[in-house]
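Residue strings, one per chain:
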Amino acid sequence: QVQLVESGGGSAQPGGSLKLSCAASGRAFSDYVMGWFRQAPGKERDFVAAITWSGGGTYYADSVKGRFTISRDNAKNMVYLEMNSLKPEDTAVYYCAADSDGYYSGTNPRYYDYWGQGTQVTVSS
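Okay, so let's go over this structure.

Cut-offs used in this document
Residues numbered from 1 in each chain as written. Predicted model: local features only at pLDDT ≥ 70, side-chain atom pairs only at ≥ 80, totals over all residues. Heavy atoms only, no water. Helix = DSSP H or I, 4+ residues; strand = E, 2+ residues; numbered from the N terminus. Buried < 20%, exposed > 50% of the residue type's maximum accessible area, 1.4 Å probe, protein only. Contact = heavy atoms within 4.5 Å. Core = buried A, V, L, I, M, F, W, Y, C linked by side-chain atoms within 4.5 Å. Phe/Tyr/Trp six-rings, centres within 6.5 Å; stacked < 30°, edge-to-face > 60°. Lys NZ or Arg CZ within 6 Å of the ring centre and 35° of its normal. Pairing = 2+ DSSP bridges. Axes fitted to C-alpha atoms, helices over the stretch in contact; angles between N-to-C directions.

### Observations concerning the environment of Tyr32
Tracing the backbone shows Tyr32 in the loop between β3 (18-26) and β4 (33-39). Residue classification places Tyr32 among the buried residues on the basis of a relative accessible area of 9%. Linking Tyr32 and Gly9, residues 23 residues apart in sequence, is a C-alpha distance of 23 Å. Not counting residues within four places of it along the chain, the set of residues in contact with Tyr32 comprises Gln1, Val2, Arg27, Ile51, Thr52, Trp53, Arg72, Ala98, Asp99, Ser100 and Tyr114.

In structure tokens, the structure reads:
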């Protein structure tokens, strides 16, 4: 069982930056693939980024590639999403998620077993 709590959301202007954090508690955090998803009003939950247990593998949605960076600190049970060059279309609730399979399965949310409560990110001028 893993509990996930996101923080760091808020408002930013287009071109600005935000850094999201996800604190994990529970067993075997370092064995899990961790991901970030986002959901805008009236839309499906979309994959943003994922990172393997070692941090050696990272995966990004095309829409954020080159702008967002996912990282993790297994010693602190933390996952981060650094977001730069923000655009209005990045506005959404961002969710941290954990996949207990231990290997990257893909971008479908159904692969992930545990979810945080979400944090709002709003990008507007």
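Back to the write-up after that little detour.
### Topic: the nonpolar core
Among the nonpolar cores identified, the biggest contains 36 residues, and Leu4, Met34, Trp36, Leu81, Met83 and Tyr94 are the most heavily contacted of them. Looking at this core, the elements with two or more residues in it are β1 (2-7), β3, β4, β5 (46-51), β7 (68-73), β8 (78-83), β9 (92-99) and β11 (119-123). Look past the residues within four positions of Leu4 in its chain and what remains in contact with it is Cys22, Ala23, Ala24, Met34, Cys96, Ala97, Ala98, Tyr114, Trp115, Gly116 and Gln117.

### A short note on the packing of aromatic side chains
Summed over the entire model, instances satisfying the criterion amount to eight aromatic pairs. Ring plane angle 35° and centroid distance 6.1 Å describe the contact between Tyr32 and Tyr114, whose orientation is recorded as tilted. Here Tyr32, found in the loop between β3 and β4, pairs with Tyr114, found in strand β10 (residues 114-115); they are 82 residues apart in sequence, far enough to count as distant. Comparing Tyr32 with Tyr114 shows no difference in burial state: the two are buried. Ring centres of Tyr59 and Tyr104 lie 3.7 Å apart, and the angle between their planes is 5°; on these two criteria the pair is classed as stacked. With Tyr59 in strand β6 (residues 58-60) and Tyr104 in the loop between β9 and β10, this residue pair connects regions lying 45 residues apart in the sequence. By relative accessible area, which is 31% here, Tyr59 ends up partly exposed. We classify Tyr104 as partly exposed; its relative accessible area is 23%. An aromatic cluster is defined as three or more aromatic residues linked by ring pairs; in this entry it consists of Phe37, Phe47, Tyr59, Tyr95, Tyr104, Tyr112 and Trp115. Seen from the ring of Tyr95, Arg45 lies directly overhead, with NZ or CZ sitting 3.7 Å from the centre.

### Details of the sheet that holds β1
As summarised here, the arrangement of the four strands in space is β1-β3-β8-β7, forming an open sheet in which the pairing is antiparallel. For this open sheet the edge positions go to β1 and β7, each flanked by a neighbour on one side alone. For this sheet the average axis-to-axis angle between neighbouring strands, irrespective of direction, equals 15°. Two strands pair when backbone bridges link them, and β7 and β8 are joined in this way by six bridges, in the antiparallel orientation. In the sheet register, Asp73 faces β8, and the bridge partner there is Met78.

Purely geometric numbers; function is a separate question.
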